[in-house]
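Topology and contacts: notes
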Amino acid sequence: MSENDPVQDDTTTDERGSEKPDMDDHPDEAAQRSTTDESTDETESETETESGSDEAGETEDGPSEELIERVENSDPAEVAVEIESLREQIDEHEQTIEELESSLKRKQADFKNYKKRMKKRREQERKRATEDLVTRLVDVRDNLKRGLDQDGDIREGIESTLNQFDHVLEGENVEEITPEPGEEVDPQRHEVLMRVDSEQPADAIDDVHRPGYKMAGKIIREAQVTVSDGKSDEE
């Protein structure tokens, strides 16, 4: 063999083929190719979902192609009948809405008139109650005046008039507050005028200066009382 003869490569075709890079020798490239395939599958899945949604009915841009095709392939007479039926339903619903609105307005007006009537009735009842009370009080005044016009002892007449007046108060659910000596002071029912030297225990009621009154359970005037200072007990 001369020096100018080409050098033969002993590597065979199969051996050259075996020298090609194996996919297993490059895991990064395989992972990248797998990620690309998954992305493609997700895109195709989203496209199919959107397409299915469009085929189901109307889209945001208008009626779907399926609906348009169904209308085009339908008998115009049937479409006209269906449209007319839908219009009738709309008319019925609108009429129902108008009736409900009208009924609501009537109810509101009735309730407003009811409130006015009740307010007027309460005012009338209050006036009648006041008139009734005044009527009974003037009867008491008349008896007091007659008692003063009499000569001699008028005690019996005054006692009779006082009983009549108490009866009037009783009819108005008015009760007298007259605590007994020795009772504890109740700030809600009693007004302490002063502390006095008394045989009662300290801070206990000694005497009632002016009775109090309550009406239907509500205190309308506290009873004025004197309270023991407790000095007698210390002695």
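Residues numbered from 1 in each chain as written. Predicted model: local features only at pLDDT ≥ 70, side-chain atom pairs only at ≥ 80, totals over all residues. Heavy atoms only, no water.

Take unusual backbone geometry next. Look at Asn 173: it is not a glycine, yet its phi comes out positive at around 60°. On the secondary structure map, Asn 173 appears in the loop between helix 5 (155-171) and strand 1 (174-177). Positioned with a positive phi, Ala 216 is a non-glycine residue whose angle comes to about 55°. Mapped onto the fold, Ala 216 is located in the loop between strand 4 (212-215) and strand 5 (218-221). On the basis of relative accessible area, Ala 216 is assigned to the exposed category, the value being 65%. (Helix = DSSP H or I, 4+ residues; strand = E, 2+ residues; numbered from the N terminus. Buried < 20%, exposed > 50% of the residue type's maximum accessible area, 1.4 Å probe, protein only.)

Once that is clear, we can look at the pairing of strand 6 (residues 223-228). For strand 6, the tally of buried residues reaches 6 of 6 residues, placing the bulk of the element in the interior. Side chains Ala 223, Val 225 and Val 227 of strand 6 all project onto a buried face; the interleaved residues Gln 224, Thr 226 and Ser 228 project onto the opposite face, where all are buried too. Across 6 bridges, the pairing between strand 2 (residues 190-196) and strand 6 is parallel. In the sheet register, Arg 195 faces strand 6, and the bridge partner there is Val 227. Relative to strand 6, strand 3 (residues 205-210) runs antiparallel, the two being bridged by 4 bridges. Each residue of the ladder has a partner; that of Val 208, found in strand 6, is Val 225. (Pairing = 2+ DSSP bridges.)

This part takes up the sheet that holds strand 5. The sheet built from 3 strands is open, its strands ordered 1-4-5 with antiparallel pairing. Each edge of the open sheet is held by one strand with a lone partner, namely strand 1 and strand 5. Neighbouring strand axes in the sheet, compared pairwise and without regard to direction, differ in orientation by 35° on average. The sheet contact formed by strand 4 and strand 5 spans 3 bridges and is antiparallel. Paired with Met 215 across the bridge in strand 5 is Lys 218. (Axes fitted to C-alpha atoms, helices over the stretch in contact; angles between N-to-C directions.)

In short, geometric facts, not functional conclusions.
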